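Chain residues, written in single-letter form:
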Amino acid sequence: MSKMSKDEFVKNQILEGAKEVFRKHGYKNAKMELIAKESGKGRSTLYYYYENKEAVFKAFVTDFNQPLFNSLKTKLTPKNTLEENCFTYIQAHFENTANAIETYGAILNDLKEDAGCVSTILMQIRQQDLDIIKNFLVWAIEKEEIRAIEEDNLDFLATVILNTNDSVKKEYFVYETIQGDPVKRLKWIAKLLINSLK
């Protein structure tokens, strides 16, 4: 086994242990000692690969979301309309979030108590979402579905779309202020947005 593959194997074992710790204890009550024990590694091994709990959590979130991003890379295409890409993005994200909450409800409880406890870490992985959204906006411009948008406004629009999606998920899952089907409401907002860009 090469050095790199051994490192990846050990990191995977740590992540598997971390998943169980975050599932049982949430983020706030997870401790590096618990992660080390659950992964069957010593604390020195854990700290060799991850500086702190935040680094482990970031790796955990990235790993959890990778299937979503892989799926979106195949489902979102230039052949689709902007509406199709937007709806696919919204649906996939909402299902991924619902799955995360079903599996890792303790983290949701942490968010309900202190919304800022993991938001800094989650902010660090947003760039993948922004790139995905910007891609399907550019495809729509190239197909003349919507009018041309200046680059800085395109970046801003991608951020607004992502923030809208994230805010509705937060209102639905964390604050529980949205009743009914939130995906249907997000699709309605997307239609309004798309129509305003024509």
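Above this text you will find the structure in question.
Scope of this entry: the structure provided in the associated data block. (Residues numbered from 1 in each chain as written. Predicted model: local features only at pLDDT ≥ 70, side-chain atom pairs only at ≥ 80, totals over all residues. Heavy atoms only, no water.)

### Overview of the layout of surface pockets
- A volume near 870 Å³ is recorded for the largest pocket.
- Taken together, 30 residues make up the lining of the largest pocket; nearest its centre are Thr97, Leu111, Leu122, Asp166 and Lys169.
- If you list the elements that add at least two residues to the lining of the largest pocket, you get α4 (53-75), α5 (82-103), α6 (105-113), α7 (119-123), α8 (126-142) and α9 (151-174).
- Among the elements that make up the lining of the largest pocket, the one with the highest residue count is α9 (eight residues).
- Considering only residue class, the lining of the largest pocket consists of 18 nonpolar, seven polar and five charged. (1 Å grid on protein atoms, 1.4 Å probe; cavity = no way out; pocket = protein on both sides within 12 Å on 5 of 7 lines; lining within 4 Å. Points joined across faces, edges and corners; volume = space filled by probe spheres on them. Helix = DSSP H or I, 4+ residues; strand = E, 2+ residues; numbered from the N terminus. Nonpolar A, V, L, I, M, F, W, Y, C, P; charged D, E, K, R; others polar.)

### Describing empty space enclosed by the protein
- One pass over the full model with this rule turns up one cavity of 30 Å³ or more.
- Taken as a whole, the largest cavity holds about 30 Å³ of empty space.
- Of all the secondary-structure elements, those providing two or more residues to the lining of the largest cavity are α5 and α10 (182-196).
- With three residues, the single largest contributor to the lining of the largest cavity is α10.
- Taken together, the residues of the lining of the largest cavity sort by class into eight nonpolar, no polar and no charged.

None of this, on its own, says anything about what the molecule does.
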